[in-house]
Amino acid sequence: MTARLTARPPAPRARGFLRDNALGLFFLVTFVLAIAGQAIAGHADFNNQLAADQLQQISLGEYLTTSDFAVDVTENWQSEYLQFFLYVGATIWLLQRGSPESKELHKAGTESDREQLVGAHANADSPKWVRAGGWRRAVYSHSLLLVMGTIFLLSWLVQSISGTAAYDEQRLRQLQAPLSWAGYLGAADFWNRTLQNWQSELLAVASMAVLSIYLRQRGSPESKPVGAAHGSTGVEG
Amino acid sequence: MIRSAYAVTVSVLLAVGTLGGCDTAAQRRDDVRHTAAVFEKALAEGAYDRVCAVLAPATLDELEQSSGSPCPKAVGEESLKPGGGVQRTDVYGDQARTVLSSDTLFLSHFTSGWKVVAAGCEPRPEVPYECVIKGG
C-alpha cells in the first residue's frame, strides 16, 4: 500500500495544462489536421483542372500560396465567424423557450450592472478594463461581438480579393477577360460561395437552438440536464 | 514578452509577404510582357520557328495536328498578324492575358517560362475569345 502510494508520481504540470485546456487544444489540433487535409485534396483537385487544360501542374507548396486555396479557406472562415457573431448578438435580445442556448425569458436585453458584475458590482477579480470603467468598460462589454464581427468582415474581405484572383485565373484559362474586384462583388461566383456557407451555418444554429429543447446529451454543457423539463429555459447541464 | 514576440513575428511575415508578393507580381508581369514581345517580334519578322518556341505545348500540338504540317509552316499558313504595342497585361496566378493594339494573347506559366496559349484572339460578349490559334 505504501509502496503504491510512493510510486505514484505527482501530477505533472504539463498534464494539468492539457486537462485545463483540452477543449481549446482539441479543436486547435483537429483544425490543423483538417486544413492540412483540405490543402492536400485542394492541391489534387487544382492539378486535375490544370491537367484537363493541358497546363503546367504545381507543387503543394506553390498551391498553398494560390488564390484558389485562399478563397476556399476564407469563404468558410467568414461564415463561421458570422455564425458566432450573429449568435452572440441575437441571443442578447432573442429568446427560445425551452432552449439551453437561450437566456431565461425575463432576461432579454443587456441586463443590469448587478447581473453583469460591472460598475459598483465589479469584483476584485473582475477583468482590469471592467474595473477601469469609462470607454474601456464600454469596449470590453462588447469585446466578444466586436472581435467576432471584425474577423468575419476581414475574412469576407480576403475572400472577395482572393476570390477575384482565383476566378480570374480560371477565366483566363477559359480564354475569357478577367473581372475587376468590384465586378467580382456582383458576380454569381462570389455570392454562390458566400450564401452556400451562410445557409449551412444558419441551419446548424437554428437546429441547435430548437433540437436542444427536446433532446439531451448527458454531461454536455450544451445540453440541459437529462431530466430537465422541455419547457425549462436557460438551463445548462 | 510572448505577445510582443508574436506581434513582431506577424508584422515581419506580413511585411515580407506583402513586399514579396508585390515584387513577384511585378516580375511576373514583366516576364509575361517579355514573352509577348518575343512572340510579336518573331511574328513581325516572319521567324516562325521562334514563334513556335514560345507556344504552349498543347497549342503547338493542336496547330500541327490540325494543319498536318510542322509548326513553323503551320504558323505561316495561319492568318496571324503582328498585334502592335502592349495596351495592358493581366496576370492571375499562372495565367495571363496581354491586350495589344490589334490582338490579344493568352499565356500560361510553365517550367521553361511563360508560353503563348492562344493568339489572334477577338473578344466576344459573354463567351470566350475567338482565337486563330489555341490549345486543344
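As the structure is a computational prediction, the values presented were derived from the model and not from experiment.

### Side note on the pairing of strand E5 (residues 127-134) of chain B
Here comes step 1: Across five bridges, the pairing between strand E4 (residues 113-124) of chain B and E5(B) is antiparallel. The residue of E5(B) that forms the bridge with Arg124(B) is Val127(B).

### So, the environment of Asp103(B)
Residues and elements named next belong to chain B.
Here comes step 1: If you trace the backbone, Asp103 turns up in the loop between strand E2 (95-100) and strand E3 (104-110).
Here comes step 2: When its relative accessible area of 6% is taken as the criterion, Asp103 is described as buried.
Here comes step 3: In this structure, Asp103 is in contact with Glu40, Lys81, Gly83, Thr98, Ala119, Gly120 and Cys121, ignoring residues within four places of it in sequence.
Here comes step 4: A polar contact is formed between the side chain of Asp103 and the backbone nitrogen of Gly120, at a distance of 3.1 Å.

### A closer look at the packing of helix H5 (residues 67-93) of chain A against helix H11 (residues 188-214) of chain A
Residue and element names in this part refer to chain A.
Here comes step 1: Here H5 crosses H11 at 35°, and the two axes come no closer than 9 Å. Where H5 crosses over H11, the handedness of that crossing is right-handed. Across the interface between the two elements, Val71, Asp72, Glu75, Asn76, Gln78, Ser79, Glu80, Leu82, Gln83, Leu86 and Tyr87 from H5 touch Arg193, Thr194, Asn197, Trp198, Glu201, Leu202, Ala204, Val205 and Ala209 from H11.
Here comes step 2: Among the residues making up the contact of H5 with H11, the classes are represented as nine nonpolar, six polar and five charged.

### Quick word on the nonpolar core
Here comes step 1: Counting residues in each nonpolar core, the largest one holds 24 residues, and the members touching the most others are Phe39(B), Leu55(B), Leu63(B), Val75(B), Leu105(B), Leu107(B) and Ala119(B).
Here comes step 2: Of all the secondary-structure elements, those providing two or more residues to this core are helix H1 (2-45), helix H2 (48-53), helix H4 (71-77), E2, E3 and E4 of chain B.
Here comes step 3: Once you skip the residues sitting within four places of it in the chain, Ala119(B) turns out to touch Phe39(B), Leu80(B), Asp103(B), Thr104(B), Leu105(B), Cys131(B), Val132(B) and Ile133(B).
Here comes step 4: Grouped together as the second largest cluster of nonpolar side chains are 11 residues, Ala39(A), Phe69(A), Ala56(B) and Val117(B) included.

### Here we look at the interface of chain A and chain B
Here comes step 1: Listed per partner, the contact involves 16 residues of chain A and 22 residues of chain B.
Here comes step 2: Between chain A and chain B lies a buried interface of about 1500 Å² when both sides are counted; carbon and sulfur atoms form 66% of it.
Here comes step 3: When the area that chain A buries against chain B is broken down by residue, the three leading residues are Gln56(A), Leu172(A) and Leu175(A), summing to 43%.
Here comes step 4: For the pair chain A and chain B, the number of links is zero salt bridges.
Here comes step 5: Seen at the junction of chain A and chain B, the total is four residue pairs in polar contact (both at pLDDT 80 or more).
Here comes step 6: Tallied by class, residues from the side of chain A that touches chain B come to nine nonpolar, four polar and three charged.

Conventions used here
- Residues numbered from 1 in each chain as written.
- Chains lettered and ligands numbered in written order.
- Predicted model: local features only at pLDDT ≥ 70, side-chain atom pairs only at ≥ 80, totals over all residues.
- Heavy atoms only, no water.
- Pairing = 2+ DSSP bridges.
- Helix = DSSP H or I, 4+ residues; strand = E, 2+ residues; numbered from the N terminus.
- Buried < 20%, exposed > 50% of the residue type's maximum accessible area, 1.4 Å probe, protein only.
- Contact = heavy atoms within 4.5 Å.
- Polar contact = N/O pair within 3.5 Å; in protein donor to acceptor, adjacent residues only side chain to side chain.
- Axes fitted to C-alpha atoms, helices over the stretch in contact; angles between N-to-C directions.
- Left-handed = near helix turned anticlockwise from the far one by under 90°.
- Nonpolar A, V, L, I, M, F, W, Y, C, P; charged D, E, K, R; others polar.
- Core = buried A, V, L, I, M, F, W, Y, C linked by side-chain atoms within 4.5 Å.
- Buried area = accessible area lost by both parts, 1.4 Å probe.
- Salt bridge = Lys/Arg side-chain N within 4 Å of Asp/Glu carboxyl O.

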